Every structure is written in C-alpha cells, then in structure tokens.
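Structural overview for review
Residues per chain, in single letters:
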Amino acid sequence: MIQIQKLVAYAGMAVALAVLLSSTAKIGSAILTQNSAPVDGFDVHLDDNGGDLVDLDEEPLLPIHRRLQAAQKGESGPGAVRDVLPALAHMASRVRKLDESKLPYKCGAILYDQQIPGEGGDLLNEWIQKMVKNNGGSFLSSGEQESKDAFVKEAEKQLQQLGPKDWKIIYTHKNGLAFDADENILRSWRGIVEKRNCHFVAASVFADPLDHSIKHTKKQFSECQCSMEEFKGKILDAVGAGNPWVGQLNHFLFNSGEGSGMDMKDKVKRGVKLLKNNFDLVLVDGEKDFSEELLRITGWKARSQVKKANISDGELVYSKKLVSAVGKMSAANGDEHFIDAVMHIYHNSLGYLMTQ
C-alpha cells in the first residue's frame, strides 16, 4: 500500500510539473520561430520530446525532480527528500509571519520588492498605485528618486509622519535597498512604524526561475527591434555568457548583478536568512496572489483585479537546449537553489512526501 501511495505521489508530481511548464513555456524542436498571432501570457505546446523534462530515468532539469529521483532510488544523500525536507520544514516554523488574528491591520507600511519581469510586473505596480489612490494611502517608488540616499531619506520622512489610520506603500527596486547591506535600514523602518503603534510588513515576490527567464526573454525580444534570426543568436550568446539580466537572488541581495565575490551557496544561505528574519510575506508568483494579500493586510476594497499580461511577441518557442542553458545559468547565479528553498519553506512544496 505504501509503495502504491508513493507511485501515485510521483505520478501526481509529474502531472503538476507538466501543468507548471504549460503555464510558462513553449518547448519545441526549434529554439525560436516566428508567428504573428498575439499571445496571452505564455502559450504552451509540449512536443513528443517534452516528456524529457520529467523523465526520472534522465538527469532532471529541476532540483525538485532531482530529489524525487534520489528518493525513488532509496538514496539518503544531501539531495534526497527525506534528508532535505525535515530541515526545511523546521525552518518554516521559525520564519516571520503575518498576525492573522489582527488582520486587517488598522495602519502601517508595506515595503515590497517584486521580481516579475516585463508587463506582468508593471501591471501589478499599476494596480497597487490605483488601490493607493482609491483608498487614501500613499505610494513611494525608489525608481522615482534621484538616488538610493534620496529614497531612504524620503521613506524615513514619510514613515515618521504615519498617522493612526494611514497606509504607506513603498516599492523598492531601482535605486532601492540592497538587503545584504541594508538589513539595518529595514529594521530601522520597522522600529519607526511600530513605535507609532502600526504594523510594518516587508514583502518580497519572486518568480519560478524558468518563468523569470522566459519573461525576460519575451521582454528583450519586444524591445530588440530585430528579426527573429538576429534575436536567436543574441539570446543564446547572452545566456551562454551568463549575464542577459540580473538574477533574482543577486537583485535581492545586492540590487545589481554583482555578487561581491560571495560564493553561490553562501548567497543562498544569506538570502534565506534575510527572508526568515526580516520578511513577513514571501511569495512566488503563481503560488499566491500579492494583490489579494495586500487587500487582506490593509482592509482596502478593490474595484478591479490586476490585469493579465498580454504581449504579442511573435510567439517565441523554446528548445530544450535553451531551457537547459537557462537552467545552468540559474544554478550558477543561485536562483535555482534559492527559489527552490523558498518554495519549500514558504509554500510547503513536496511537503506531502513527508507523510509517505
């Protein structure tokens, strides 16, 4: 009976991955082909070779399946499920969390950083600004400030003026905080808000590494003003060099693509520790909706939902070669392992295997 339950669990996981991939990429035999039809999000077509991505007899592309493979073979090394999950489950019980019993909070400030590239991230920001305007809050974006110092000074000024029913929404991105070096600023802002008997919520929204790469690729193609053939060479060269865009972990830690010489594993540990000690809300796009969480926290009413991204980009098609190259880049810059840990700790990914 236990073996049957395990087989059912593994089969369910394979189906789940197929659904995940079907929402993020078109895996085809060609790296990029051109089609004039508009695309709503990411259309997907898995050809006969698409099953390679979930075939446990081959080297899996995603860490979640490498652990499944290890467990299936009875291995108990660092990559196996039974060794990894207990430690991550223990960490999940020690992270900062929203106080559900007090929601919605009567006043406060929400500092957020979101890693959704392209139109999807822009539409989320536009919706948040509309909610702020409709509900009498205030919005501050680091990208609208001349420098990081100017942003920090303006944010502190606004937090000092926080009233008993006020909400301040602060978006940190360009010219914003580098959390590896600015953890003290984060703690200082929390202290300012809490002294005014309000709540400070630090939130970070990440994306699945493959989804993040695909959206960046779509964005670059839409801005390229080049032919499909020209773009093919450019994107492969850029991915091969490992620097076509700033990785999520590097942006979170350093607000840039520079790693300050820090080892990849140390970066992942540092990122997880920062989240655990300082962030009240940690999401992966597609797992939970940040817009819904914002409404729960503030008690605001929404007249509309966040619009769905709809970009006509020639319907890019991704080969296994490009997906593999992107995966290697995500592994090298730490995104693969960092987001994998976030999924385990904050979204209980593979948690059901603990009961098998």
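The sections below set out a description of the structure shown in this document. None of these values were measured; they are calculated from a predicted model. (Residues numbered from 1 in each chain as written. Predicted model: local features only at pLDDT ≥ 70, side-chain atom pairs only at ≥ 80, totals over all residues. Heavy atoms only, no water.)

**Considering the overall build of the chain**
We count it as follows: By definition, any uninterrupted DSSP run of H or I lasting at least four residues is a helix, any uninterrupted run of E lasting at least two residues is a strand, and each is numbered from the N terminus. Relative accessible area decides the class of each residue, using a 1.4 Å probe on protein chains only: under 20% of the type maximum gives buried, over 50% gives exposed, and in between gives partly exposed. Method for areas: the Shrake-Rupley scheme with a 1.4 Å probe, in which residue coverage is limited to the protein chains shown.
Of regular secondary structure, the chain possesses 13 helices and 5 strands. The burial tally for the chain puts 49% of its 356 residues in the buried class. Total accessible area on the chain stands at roughly 17400 Å², and carbon and sulfur atoms take up 49% of it.

**Examining the packing of aromatic side chains**
Defined as follows: Each aromatic pair joins two rings of Phe, Tyr and Trp (for Trp, the six-membered one) with centres within 6.5 Å, and gets the label stacked for planes under 30 degrees apart, edge-to-face for over 60, and tilted for any other angle.
Applying the stated criterion across every chain, the model contains 9 aromatic pairs. Geometrically, the ring pair formed by Phe179 and Phe279 is edge-to-face, given 5.1 Å between the ring centres and 85° between the ring planes. Placement of Phe179 in the loop between β3 (167-171) and α6 (183-195) and of Phe279 in the loop between α10 (264-278) and β5 (281-284) is noted, with a sequence separation of 100 residues between them. Across the pair, Phe279 and Phe179 agree in class, each one buried. Ring-pair connections join several aromatic residues into one group, and the members of that group are Phe179, Phe206, Phe252, Phe279 and Phe338.

**Side note on unusual backbone geometry**
Glycine aside, a negative phi is what most residues show, and trans is what most peptide bonds show. Between Leu103 and Pro104 the backbone carries a cis peptide bond, its omega angle lying at -5°. Relative to the helices and strands, Pro104 resides in the loop between α3 (81-92) and β1 (108-114). Even without glycine at this site, Asn175 takes up a positive phi of about 60°. For Asn175, the position within the fold is in the loop between β3 and α6. The class for Asn175 is partly exposed, based on a relative accessible area of 25%. Backbone geometry at Asn197 places phi at a positive 60°, although glycine is not the residue there. Checked against the element boundaries, Asn197 lands in the loop between α6 and β4 (199-206). On the accessibility criterion, Asn197 (59% relative accessible area) is exposed.

**Details of helix α7 (residues 209-224)**
To keep things clear, this is the line we draw: Every helix has an expected span of 1.5 Å times one less than the residues it contains. Contacts described as polar in this section are N or O atom pairs within 3.5 Å, which, within protein, must combine one atom able to donate a hydrogen with one able to accept it, while residues neighboring in sequence count only if both atoms come from side chains.
Compared with the 22 Å implied by 1.5 Å per residue over 16 residues, the 22 Å span of α7 between its first and last C-alpha is a close match. When you tally the buried positions in α7, you get 12 out of 16 residues, the bulk of the element. Within the span of α7, buried status applies to Pro209, Leu210, Asp211, His212, Ser213, Ile214, Lys215, His216, Thr217, Lys218, Phe221 and Cys224. Sitting at the amino-terminal end of α7 is Asp208, which places a side-chain oxygen 3.0 Å from the backbone nitrogen of Leu210. Just past α7, the residue Gln225 takes up positive phi, approximately 55°.

**Observations concerning the pattern of salt bridges**
A side chain with one charge may pair with a side chain of the opposite charge, provided their charged atoms come close. Put simply, the test is: A carboxyl oxygen of Asp or Glu within 4 Å of a side-chain nitrogen of Lys or Arg is what we treat as a salt bridge.
All chains considered together, the criterion is met by 11 salt bridges. One salt bridge connects Glu183 with Arg187, and the closest N-O pair in it is separated by 2.9 Å. Pair noted here: Glu183 and Arg187 are both in helix α6, with a separation of 4 residues, about one helical turn. For Glu183, a relative accessible area of 13% gives the class buried. Connected through salt bridges with shared partners, the residues Asp180, Glu183, Arg187 and Arg270 form a single ionic network.

**What about the nonpolar core?**
Heads up, the condition is: To form a nonpolar core, buried Ala, Val, Leu, Ile, Met, Phe, Trp, Tyr and Cys residues must be joined to one another through side-chain atoms within 4.5 Å. Should any heavy atoms of two residues lie within 4.5 Å, those residues are counted as being in contact.
The biggest cluster of nonpolar side chains holds 41 residues, and the ones touching the most others in it are Trp189, Phe252, Leu275 and Phe338. Taken together, the elements giving at least two residues each to this core come down to β1, α5 (148-160), α6, β4, α9 (248-254), α10, β5 and α13 (335-347). At 7 residues, the largest contribution of residues to this core is made by α13. Among residues more than four places away in sequence, those in contact with Leu275 are Ser204, Phe206, Phe252, Val282, Phe338, Val342 and Tyr346. Formed by 23 residues, the second largest nonpolar core is a distinct cluster that contains Leu98, Tyr105, Ala203 and Ile297.

**Digging into the environment of Leu274**
Along the chain, Leu274 falls in helix α10. Here Leu274 falls in the buried class, since its relative accessible area comes to 2%. Here the alpha-carbon distance between Leu274 and Phe179, two residues 95 residues apart in the chain, equals 7.5 Å. Among all residues touching Leu274, those that are not within four sequence positions of it are Phe179, Asp180, Glu183, Phe252, Leu253 and Phe279.

**Regarding the sheet that holds β3**
For clarity, the threshold we go by: The criterion for strand pairing is that DSSP finds at least two bridges linking the strands in question. For helices, the fitted axis covers only the stretch in contact; all axes are lines through C-alpha atoms, and the angles between them, taken along N-to-C directions, range from 0 to 180 degrees.
Taken in spatial order, the 5 strands of this open sheet run β2-β3-β1-β4-β5, and their pairing is parallel. Each edge of the open sheet carries a strand with a single partner, namely β2 (138-141) and β5. On average, adjacent strands in this sheet sit at an angle of 15° to one another, irrespective of strand direction. Sheet topology note: the β1/β4 ladder contains 7 bridges and is parallel. Pairing of Leu111 across the sheet is with Ala202, part of β4. Against the sheet, α13 touches β4 and β5, its axis set at about 120° to β5.

**Overview of the pairing of β3**
We count it as follows: When the strands point away from the viewer, a crossover counts as right-handed if the path from the first strand over the helix to the second runs clockwise.
For β3, a buried count of 5 out of 5 residues is recorded, marking the element as mostly surrounded by other parts of the structure. Where burial is concerned, the two faces of β3 agree: the one with Trp167, Ile169 and Tyr171 and the one with Lys168 and Ile170 are both buried. Note: β1 against β3, 5 bridges, orientation parallel. Across the sheet, the residue bridging to Ile110 is Ile169, located in β3. Bridge analysis of β2 against β3 gives 4 bridges, and the strand direction is parallel. Counterpart to Ser141 in the pairing with β3 is Tyr171. Following the backbone out of β2, through α5 and into the adjacent parallel β3, one traces a crossover that is right-handed.

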